[in-house]
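# Architecture at a glance
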Amino acid sequence: MANPSKRRGAGKRPSKSQRVQLERRAKQRRAIAIVLVVALIAGVGVALLAYGGNDDEGTPSAAGSVSIDRPDAGPLEDGDEAPSFSAPGLNGGEVTWNPGTPTVLVVWAPWCPHCQEELPVLADVTAGFPDVELVSIATAIGAQPSTYSPQSYMAEHRLSFPVAIDDAEGTLARGLGVVGFPTLYTIDADGFVRGSASGEPSEDELRALIGQIGEA
């Protein structure tokens, strides 16, 4: 009967090169495991973004119900005709815009800090022009983490202007050529763009813009 202590390789320590290879393989296995976990988490995040049109506060999903009379194009410029559009409203129903009333149209995202600062200022300034309507489009909802949904932001700041909810593809934002938030256009009663701004224009700048389409 063979002596177990004499079997080939029994009790033999791996060489230094073998230990290095073993450690390298262990590190590779750990790295692969980490990548798989991260990929799984990322996959869940993408699903929440793609299908998260409804939040706990009842923000409606706009999937399949958004239309705009302009193909994807660059930003609107002074003298361009603003496109008509329709989309679900934040509080239900539908928000539709067509030429006929001087309008300030602002496109914003609930996670955008510039939007959060600018919208109350814009609402206050526009209120000084009784013949001008303020209409907004909330877009890129869920694209970045935020403490606000469109509904919670509007409620907290006691804002009541119409809010159209863009779809997950950003159909309205693309049709208006929006490249940053917030973007606003001033549109006269005939439907032509008379001015535009982005970021956080001052109250004086806003009054000058809106004064081109309405009287205080």
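Now for a description of the structure that goes with this document.

## Looking at helix α2 (residues 113–127)
A rise of 1.5 Å per residue sets the reference length of α2, with its 15 residues, at 21 Å; its end C-alpha atoms lie 22 Å apart and thus fit the reference within 8%. Approximately 25° is the largest bend angle found in α2, and it occurs at L119, with the proline P120 only one to four residues beyond. Of the positions making up α2, those classed as buried are C115, E118, L119, L122, A123, V125 and T126. Looking at the buried side of α2, the elements it contacts are β4 (103–108), β5 (133–138), α3 (150–156), β7 (183–187) and α5 (203–210).

## Looking at the nonpolar core
Core analysis: the biggest nonpolar cluster contains 29 residues, and V104, W108, L122, M154, F161, V163 and L184 have the highest contact counts within it. Mapped onto this core, the elements with two or more residues apiece are β4, α2, β5, α3, β6 (163–165) and α5. Residue contributions to this core peak at five residues, all from α2. Those residues in contact with L184, other than ones at most four positions away along the chain, are V104, L105, V106, L122, G195, S196, A197, P201, L206 and L209. By size, the runner-up hydrophobic cluster in this structure holds 20 residues, among which are L76, A87, V135 and V193.

## Quick look at the sheet that holds strand β2 (residues 85–88)
In spatial order, the strands read β1-β2-β3; together these three strands make up an open sheet with antiparallel pairing. The open sheet terminates on both sides in strands that have one partner only, identified here as β1 (67–68) and β3 (94–97). Relative to β3, β2 runs antiparallel, the two sharing four bridges. Bridging from a neighbouring strand, F85 pairs with W97 of β3.

## Topic: unusual backbone geometry
In this model, F181 is joined to P182 through a cis peptide bond whose omega is -10°. Following the sequence through the fold, P182 ends up in the loop between α4 (171–175) and β7. Positive phi values are uncommon outside glycine, yet A140 reaches one of about 55°. Along the chain, A140 turns up in the loop between β5 and α3. When its relative accessible area of 27% is taken as the criterion, A140 is described as partly exposed.

## Some thoughts on the pairing of β3
The side chains of a regular strand alternate, first on one face of the sheet and then on the other. Across the two faces of β3 the burial differs, with V95 and W97 buried and E94 and T96 not buried at all. Counting the residues that bridge the hairpin from β2 to β3 gives five residues, and of these G92 lies at a positive phi of roughly 100°.

## Considerations on the packing of aromatic side chains
One pass over the full model with this rule turns up four aromatic pairs. With a centroid separation of 5.6 Å and 50° between ring planes, the pair formed by W108 and Y153 is classed as tilted. You can see W108 sitting in strand β4 and its partner Y153 sitting in helix α3, a full 45 residues away along the chain. On the basis of relative accessibility, which here comes to 1%, the residue W108 falls in the buried class. Put simply, the rings of W108, Y148 and Y153 pair up and form one aromatic cluster.

## Regarding the environment of T183
For T183, the position within the fold is in strand β7. Considering only alpha carbons, one finds T183 and W108, 75 residues apart in sequence, at a separation of 6.9 Å.

## Section: the pattern of salt bridges
Scanning all chains against the criterion turns up four salt bridges. Note that D72 is salt-bridged to R174, the shortest N-O span being 2.9 Å. One end of the pair, D72, is in the loop between β1 and β2; the other, R174, is in helix α4, and 102 residues separate them in sequence. Its salt-bridge partner being R194, residue D188 comes within 2.7 Å of it at the nearest N-O pair.

Cut-offs and rules
- In this numbering scheme, every chain counts its residues from 1 along its sequence in written order.
- Two thresholds apply to this predicted model, a pLDDT of at least 70 for residue-level local features and 80 or more for giving and counting side-chain atom pairs, whereas whole-chain, interface and lining totals are computed over all residues.
- By convention in this description, side-chain values take in all heavy atoms of the structure and omit both hydrogens and water.
- Secondary structure elements are taken from DSSP: a helix is a run of H or I of four residues or more, a strand is a run of E of two residues or more, and numbering for both begins at the N terminus.
- A helix is expected to span 1.5 Å multiplied by its residue count minus one.
- Across the chain, bend at a residue is computed as the angle between axes fitted to the seven residues ending at that point and the seven starting from it.
- For every residue, the accessible area (1.4 Å probe, protein chains only) is compared with the maximum for its type, and the residue is labelled buried under 20%, exposed over 50%, or partly exposed between those bounds.
- Contact between two residues is taken to exist if any of their heavy atoms lie within 4.5 Å; hydrogens are not considered.
- To define a nonpolar core, start from buried Ala, Val, Leu, Ile, Met, Phe, Trp, Tyr and Cys residues and group those joined through side-chain atoms within 4.5 Å.
- At least two DSSP bridges between two strands are needed for those strands to be called paired.
- Each pair of aromatic rings taken from Phe, Tyr and Trp, with Trp reduced to its six-membered ring, is defined by centres within 6.5 Å and is described as stacked if the planes are under 30 degrees apart, edge-to-face if over 60, and tilted in the remaining cases.
- Should a side-chain nitrogen of Lys or Arg be within 4 Å of a carboxyl oxygen of Asp or Glu, the pair is scored as a salt bridge.

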